[in-house]
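Residue strings, one per chain:
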Amino acid sequence: MLKIATWNVNSLRIRLPQVLDWLKTQQPDILALQETKLIDANFPSADFKALGYHAAFAGQRTYNGVALLSRFPSVNIVTDLPDLEDPQRRVLGATINDLRVVNLYVPNGQAVGTNKYAYKLAWLDKLADYLRKQLVTYPQLIVLGDFNIAPEDRDVYDPAAWSGKVLCSEPERAALRRLLALGLTDTLRLFAQEEASFSWWDYRAGNFRRNQGLRIDLILASAALAQICASCQVDKTPRGWQRPSDHAPVVAEFAVSAKEN
DNA sequence: ATGGTGGCGCGGCCA
């Protein structure tokens, strides 16, 4: 079984002990991280190597930053969307054995109507172009990360309050549906879940305690992989730890032999 | 409750 996970850690410097603990207990084959907020020179590769993980990363100071930790090395690494001039480190594509993995930190968008929202929609357009081509080259494609979009109302604790707001607006949801229409499956929805299954809870106002969250962290799989997807769930445990990230890990398993991956 | 909390880095931005 191949176990692959995504986790927005909101600063890998602060969260490194939690990530190391989680790797030890969950032992995923691949972990995609977002919001590492580290320049590459400061990436803690040695700490992961000590646990048997290769690391690939694309970071910057203060904001953004993505990384891939994996039992087998990453090759053919890509850190930018084609045809998009962008200093923000939000993309990390890599081939790990027979699998193509694209780790994303989709722009937040701040608020509908802002420049950041327009950047988010333009970014998602470029992403769709890229993934369309990736699917041709790599039938075994996983696209995962912090999408900063709640796909449907059932992914939102209070759909009425969030209606039309950033993370839930119709243009964002339409952009996500266009990604799915390329031939990608939202693997969590292949399996029965608790009614309110979220992956992010605002730090403010005790939102996690009341399970007032959104599901914005997704693991998408191409048809060949969706067919052999054996499970997908949110691991809420780390969100309850002391000084947590505001996101929880999402974990999916695929029925491939250990020899292949 | 137009607030609230957290990370970065030291004032204000971003989420």
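Report follows, based on the coordinates. None of the values given here were measured: they were computed from a predicted structure.

### Overview of the nonpolar core
The nonpolar side chains of a soluble globular protein tend to be buried, and buried together. Ile 4, Val 101, Ile 142 and Phe 254 are the most contacted members of the largest nonpolar core, which totals 31 residues. Excluding residues that lie within four positions of it along the chain, Val 101 makes contacts with Ile 4, Ile 30, Leu 68, Leu 92, Gly 93, Ala 94, Ile 96, Ile 142 and Leu 144. With 22 residues, the next largest nonpolar core counts Val 102, Leu 127, Tyr 130 and Leu 184 among its residues.

### Things to note about the protein's contact with DNA strand B
If you check the shell around DNA strand B, you find 15 residues, and the closest are Ser 11, Arg 13, Arg 15, Thr 62 and Arg 204. Contact distances for DNA strand B include 2.8 Å between a phosphate oxygen and a side-chain N or O atom of Arg 13. At a separation of 3.3 Å, a phosphate oxygen of DNA strand B approaches a polar side-chain atom of Lys 116. With three residues, the top contributor of residues to the surface near DNA strand B is helix α1 (residues 12-26). When the residues that make up the surface near DNA strand B are grouped by side-chain class, the tally is four nonpolar, four polar and seven charged.

### Here we look at the pattern of salt bridges
Summed over all chains, the structure comprises 11 salt bridges. A salt bridge links Glu 152 to Arg 154, with the nearest nitrogen and oxygen atoms 3.0 Å apart. In this structure Glu 152 comes out as partly exposed when scored by relative accessible area, which is 38%. Classification of Arg 154 by relative accessible area gives partly exposed; the value is 43%.

### A closer look at the sheet that holds strand β12 (residues 250-254)
Taken in spatial order, the six strands of this open sheet run β3-β4-β2-β1-β12-β11, and their pairing is mixed. Here the strands that pair on one side only, and so sit at the sheet edges, are β3 (54-58) and β11 (229-234). If you compare each strand with its neighbour and ignore which way they point, the axes differ by 10 degrees on average. Contacts between α1 and the sheet are confined to β1 (2-8), β2 (30-34), β4 (66-70) and β12, with β1 contributing the most and set at about 160 degrees to the helix.

### Points about the environment of Phe 254
Inspection of the secondary structure assignment puts Phe 254 in strand β12. By relative accessible area, which is 1% here, Phe 254 ends up buried. The spatial distance from the C-alpha of Phe 254 to the C-alpha of Ser 231 is 7.3 Å, given a sequence separation of 23 residues. Sequence-distant contacts of Phe 254, defined by excluding residues within four places in its chain, comprise Met 1, Leu 2, Ile 4, Ile 142, Thr 187, Ala 221, Leu 225, Ile 228, Cys 229 and Ala 230.

### Details of the packing of aromatic side chains
For the structure on display, the rule yields six aromatic pairs. Arranged with centres 6.5 Å apart and planes meeting at 75 degrees, the rings of Tyr 157 and Trp 162 form a pair that is edge-to-face. A relative accessible area of 32% places Tyr 157 in the partly exposed class. Where Trp 162 meets Trp 200, the ring centres are 6.4 Å apart and the plane angle is 90 degrees; that geometry is what we call edge-to-face.

### Comments concerning the packing of helix α3 (residues 115-137) against helix α5 (residues 170-181)
Following both chains from N to C, one finds α3 and α5 inclined at 10 degrees, their axes separated by 10 Å at the closest point. One finds that α3 runs roughly parallel with respect to α5. From α3, Tyr 117, Lys 120, Leu 121, Leu 124, Asp 125, Leu 127, Ala 128 and Leu 131 reach across to α5, where they touch Pro 171, Glu 172, Ala 175, Arg 178 and Leu 179.

### Section: the sheet that holds strand β9 (residues 184-186)
Taken in spatial order, the six strands line up as β5-β6-β7-β8-β10-β9 in an open sheet, and their pairing is mixed. Every interior strand has two partners, whereas the edge strands, β5 (75-78) and β9, have only one. The sheet shows a mean angle of 20 degrees between the axes of neighbouring strands, taken without regard to direction. Running at roughly 120 degrees to β9, α5 makes contact with β9 and β10 (217-222) of the sheet.

### Section: α1
Helix length check: α1 (15 residues) gives 18 Å between terminal C-alpha atoms against 21 Å at 1.5 Å per residue, more than 12% under. Taking the largest bend as the criterion, α1 deviates by roughly 30 degrees, centred on Gln 18. For α1, the set of buried residues is Leu 12, Arg 15, Leu 16, Gln 18, Val 19, Leu 20, Trp 22 and Leu 23. A positive phi of about 45 degrees marks Gln 27, the residue just after α1.

What counts and how
- Residues numbered from 1 in each chain as written.
- Chains lettered and ligands numbered in written order.
- Predicted model: local features only at pLDDT ≥ 70, side-chain atom pairs only at ≥ 80, totals over all residues.
- Heavy atoms only, no water.
- Core = buried A, V, L, I, M, F, W, Y, C linked by side-chain atoms within 4.5 Å.
- Buried < 20%, exposed > 50% of the residue type's maximum accessible area, 1.4 Å probe, protein only.
- Contact = heavy atoms within 4.5 Å.
- Near = heavy atom within 4 Å.
- Polar contact = N/O pair within 3.5 Å; in protein donor to acceptor, adjacent residues only side chain to side chain.
- Helix = DSSP H or I, 4+ residues; strand = E, 2+ residues; numbered from the N terminus.
- Nonpolar A, V, L, I, M, F, W, Y, C, P; charged D, E, K, R; others polar.
- Salt bridge = Lys/Arg side-chain N within 4 Å of Asp/Glu carboxyl O.
- Pairing = 2+ DSSP bridges.
- Axes fitted to C-alpha atoms, helices over the stretch in contact; angles between N-to-C directions.
- Phe/Tyr/Trp six-rings, centres within 6.5 Å; stacked < 30°, edge-to-face > 60°.
- Parallel < 35°, antiparallel > 145°, perpendicular 65-115°, else oblique.
- Expected span 1.5 Å × (residues − 1).
- Bend = angle between axes of the 7 residues up to and from the residue.

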